[in-house]
Amino acid sequence: RASTRMFRGGLHALSRGIVNQVLQGIPEAGSSSIFGPACSSIFVRFASKKQGGSSSNGRDSAGRRLGIKKYGSEFVTHGNIIARQRGTKWHCGANCGIGVDHTIYALIDGRVHFTDAKNRHKPGKKVINVVPHDEWPHVLAQVQAKNVKSRVGPAKQQQQLQQSSE
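The structure displayed is predicted, hence computed values, not measured ones.

Chemist: Is there a simple way to think about the sheet that holds strand β5 (residues 96–98) in this case?
Modeler: The strands that make up a sheet are held in pairs by hydrogen bonds between backbone atoms, and each pair lies either parallel or antiparallel. Read from one edge of the open sheet, 4 strands run β1-β3-β6-β5, paired in antiparallel fashion. Bordering the open sheet on either side are β1 (67–68) and β5, each of which pairs with just one other strand. One ladder, built from 3 bridges, connects β5 with strand β6 (residues 104–106); its direction is antiparallel. Among the inter-strand pairings, Ile 98 is bridged to a residue of β6, identified as Ile 104.

Chemist: I'm lost on the sheet that holds strand β8 (residues 126–131) in this one. Help?
Modeler: Pairing is mixed across the open sheet formed by 4 strands, whose spatial order is β2-β7-β8-β4. Two strands lie at the open edges of the sheet, namely β2 (75–76) and β4 (90–92), each paired on one side alone. Pairing analysis gives 6 bridges linking strand β7 (residues 110–116) to β8, with the strands arranged antiparallel. From the neighbouring strand, Asp 116 faces β8, where its bridge partner is Lys 126.

Chemist: Explanation requested: the pairing of β8 in the structure shown.
Modeler: Two faces make up the sheet, and in a regular strand the side chains alternate between them. Of all 6 residues in β8, 5 are buried, a share of seventy percent or more. As paired elements, β4 and β8 share 3 bridges and run parallel to each other. Paired with His 91 across the strands is Val 127, a residue of β8.

Chemist: I tried to follow the pairing of strand β3 (residues 81–84) on my own but got confused; where do I start?
Modeler: Both β1 and β3 contribute to a ladder of 2 bridges, which runs antiparallel. Its bridge partner being in β3, Ile 68 is matched across the sheet by Ala 83. Two elements, β3 and β6, share 2 bridges in a ladder whose sense is antiparallel. Looking at the pairing, Ala 83 lines up with Ile 104 of β6.

Chemist: It is not clear to me how the pattern of salt bridges should be interpreted in this structure. Could you clarify?
Modeler: Pairing between side chains of opposite charge can happen when their charged atoms approach one another. One pass over the full model with this rule turns up 2 salt bridges. As a salt-bridge pair, Arg 84 and Asp 101 come within 3.7 Å of each other at their nearest N and O atoms. Of this pair, Arg 84 sits in strand β3 while Asp 101 sits in the loop between β5 and β6; the two residues are 17 residues apart in sequence, bridging distant segments of the chain. By relative accessible area, which is 25% here, Arg 84 ends up partly exposed.

Chemist: For this particular structure, what's the right way to read the environment of Val 139?
Modeler: Residue position: Val 139 is located in helix α3 (residues 136–165). What makes Val 139 buried here is its relative accessible area of 13%. In the structure, Val 139 is positioned 26 residues away from His 113 in sequence and 8.8 Å away in space, judged by C-alpha atoms. Filtering out sequence-adjacent residues up to four positions away, Val 139 remains in contact with His 113 and Val 131.

Reading the values: the criteria
Residues numbered from 1 in each chain as written. Predicted model: local features only at pLDDT ≥ 70, side-chain atom pairs only at ≥ 80, totals over all residues. Heavy atoms only, no water. Pairing = 2+ DSSP bridges. Helix = DSSP H or I, 4+ residues; strand = E, 2+ residues; numbered from the N terminus. Buried < 20%, exposed > 50% of the residue type's maximum accessible area, 1.4 Å probe, protein only. Salt bridge = Lys/Arg side-chain N within 4 Å of Asp/Glu carboxyl O. Contact = heavy atoms within 4.5 Å.

That is the geometry; function is a separate question.
Laid out in structure tokens, this is it:
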């Protein structure tokens, strides 16, 4: 008990003695209390490091891996995911199903075929279909014929007709 009291008092007395020695050289301190008015300006401690503020940025989520998974004329099997999307960027066509998160998947084995929407209320929308393997050559021939017509155009078609009739 005595040693504890002495330790506490001794440490306090030691610090008081050091403060008195420092204050003796300062004229403003005088002989008033040991912690005179000049002490407040001497022992003010400032932060040695600037505080880091919180940032409102710095968060990001991982990508959702949306988009086409199987492209046109690729083979798909029953249940393969063809496209993942938010909303209906692509619509579900023949032999395709659509999930609650708008994922389009194949209902049969076949090939993927993209077409434009025939519905006048959905202009510019694409429809995804799965064509069975036995029908694929017929569908491919139709698409190629349509592409040739669109490339040639009406003016060139008339020139070709006139040349063929001569």
